[in-house]
Amino acid sequence: MENKEAKEIILTGDRPTGPLHLGHYVGSLKNRVLLQDKPGHTSYIMIADQQALTDNADNPKKVVENVIEVALDYMACGLDPKKSTIFIQSQIPALPELTVYYLNLVTVNRLKRNPTVKAEIQQKAFGQSIPTGFFVYPISQAADITAFKASLVPVGDDQRPMLEQTREIVHSFNQIYGKGKDILTMPDILLAKEGQGRIPGIDGNAKMSKSLGNAIYLKDSMDVVKKKVMSMYTDPNHIRVEDPGQIEGNMVFTYLDIFAEGDPLVAEMKEHYQRGGLGDVKVKRYLIDILDSVLTPIREKRLALAKDPAAVLEMLKVGSERARKTADATLQEVRQAIGVNYFG
Ligand code: TRP
């Protein structure tokens, strides 16, 4: 355990089903940018196109087109391909092979208990028609994590069940095939700072998500951001400016707590709002200014990078080649541990 801080392997990723939003930024991207600069840390950032296909099989175009979008969001936020290996999941054939071995270590009943998958099945209204690939994606996620021997997985709170599933697989695998040796690395989850792991949608829904239509995107123009903030869910009973208002469950204050933490003006506005006499529009204007200072540098960098899509693709190619080598090496160890390395 000593000196564990000094040598972590980081792996995380996102499904390319749309451009990334503030939820991704707060829950994970900010963290990743800090981690890639830590001495001794190795970072792998994966664009999970295969996982995105598990519920978009009939719309591959959407997934494929968003690979570049996500890569642009990554780099705009400060992920640097010189410091982090940024790669595409489908370009790593070791991942589905590892998945096949891991599938045997997990029961159908165990998969049915995954709360995140359960919630997604509801939200996507699959009914009785759950795609098998979707149902087992937590197992393929264990392959993503273990292929790189990741020790630390920075993700949002909703990914906690995936980490638990991965840890169970690592435990079973090592027990059955390790003969006393740890073949696979036990990963730990790395959540964002307390209270900042998740940002609700602008409508007050607990989750910001593309499918709920309640997201602020990293690439949104300032005009769009303004409109979205102006439409934010506040206190429905705060009708006249003089009325006392509620700050709990009020998205404008929730966002200010995240993006203007410790700002004395926010504390003052909260007090004023609760007392009565402070209108929503004033608070919203302040939030717009704060978001402007966060999003404008990201948007400008993104616009510059988007001018050369070929360079982005080349960066992904180099990253995928590097990732493939690492994952192949782990796969060889796994094959050997099971004994299916017949020809040496
Ligand atoms: N499930 C993650 C998401 O929906 C994406 C993902 C795929 C991932 N494989 C991963 C995250 C491995 C962390 C580690 O955002």
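Coordinates for the structure precede this section.
Not measured: the values here are computed from a predicted model.

## Quick notes on the nonpolar core
- If you look at the biggest cluster of nonpolar residues, it comprises 55 residues, and the most contacted ones within it are Ile216, Tyr255, Leu256 and Phe259.
- Of all the elements, helix H13 (residues 280-305) adds the most residues to this core, at nine residues.
- Both domains that meet at this core, namely domain 1 (4-200 + 309-338) and domain 2 (222-303), each give it at least three residues.
- Here Tyr255 is in contact with Leu22, Ile199, Pro200, Gly201, Ile202, Met208, Ile216, Met232, Ala260 and Leu287, once residues within four sequence places are set aside.
- Within the second largest apolar cluster, 36 residues are counted, among which are Ala48, Val170, Phe173 and Ile183.

## With respect to the packing of aromatic side chains
- Scanning the model with the defined rule gives nine aromatic pairs in all.
- Ring geometry for Tyr102 versus Phe173: centroids 6.1 Å apart, planes at 75°, classification edge-to-face. Of this pair, Tyr102 sits in helix H4 (residues 94-103) while Phe173 sits in helix H9 (residues 160-177), and the two are 71 residues apart along the sequence. Like Tyr102, the residue Phe173 is buried in the burial classification.

## Here's the deal with the site of the ligand
- Looking at the ligand, there are 13 residues lining it, with Arg15, Gln51, Gln141, Asp144 and Gln159 nearest.
- Between the ligand and Arg15 there is a distance of 3.2 Å, counted from an oxygen atom to a side-chain nitrogen or oxygen.
- One of the side-chain nitrogen or oxygen atoms of Gln159 is found 2.9 Å away from a nitrogen atom of the ligand.
- In this structure, the ligand is accommodated by the largest pocket.
- Within the residue set of the shell around the ligand, elements represented by two or more residues are strand S1 (9-14) and helix H8 (137-147).
- Of the residues assigned to the shell around the ligand, the class counts are six nonpolar, five polar and two charged.

## Some points on the pattern of salt bridges
- Tallying each qualifying case throughout the model produces 18 salt bridges.
- A salt bridge links Asp37 to Lys83; the shortest N-O distance between them is 2.8 Å. Of the two residues, Asp37 is situated in the loop between helix H1 (22-35) and strand S2 (42-47) and Lys83 in the loop between helix H3 (60-77) and strand S3 (84-88); the sequence distance between them amounts to 46 residues.
- A residue is classified by how much of its surface remains accessible, and Lys83, at 40% relative accessible area, is partly exposed.
- Arg167 is the salt-bridge partner of Asp188, the closest N and O atoms lying 3.2 Å from each other. You can see Asp188 sitting in strand S5 (residues 188-190) and its partner Arg167 sitting in helix H9, a full 21 residues away along the chain.
- The partly exposed category is assigned to Asp188, whose relative accessible area is 31%.

How each quantity is defined
- Residues numbered from 1 in each chain as written.
- Predicted model: local features only at pLDDT ≥ 70, side-chain atom pairs only at ≥ 80, totals over all residues.
- Heavy atoms only, no water.
- Core = buried A, V, L, I, M, F, W, Y, C linked by side-chain atoms within 4.5 Å.
- Buried < 20%, exposed > 50% of the residue type's maximum accessible area, 1.4 Å probe, protein only.
- Helix = DSSP H or I, 4+ residues; strand = E, 2+ residues; numbered from the N terminus.
- Domains from an automatic or database assignment.
- Contact = heavy atoms within 4.5 Å.
- Phe/Tyr/Trp six-rings, centres within 6.5 Å; stacked < 30°, edge-to-face > 60°.
- Near = heavy atom within 4 Å.
- Polar contact = N/O pair within 3.5 Å; in protein donor to acceptor, adjacent residues only side chain to side chain.
- 1 Å grid on protein atoms, 1.4 Å probe; cavity = no way out; pocket = protein on both sides within 12 Å on 5 of 7 lines; lining within 4 Å.
- Sits in = over half its atoms within 2 Å of the grid points.
- Nonpolar A, V, L, I, M, F, W, Y, C, P; charged D, E, K, R; others polar.
- Salt bridge = Lys/Arg side-chain N within 4 Å of Asp/Glu carboxyl O.

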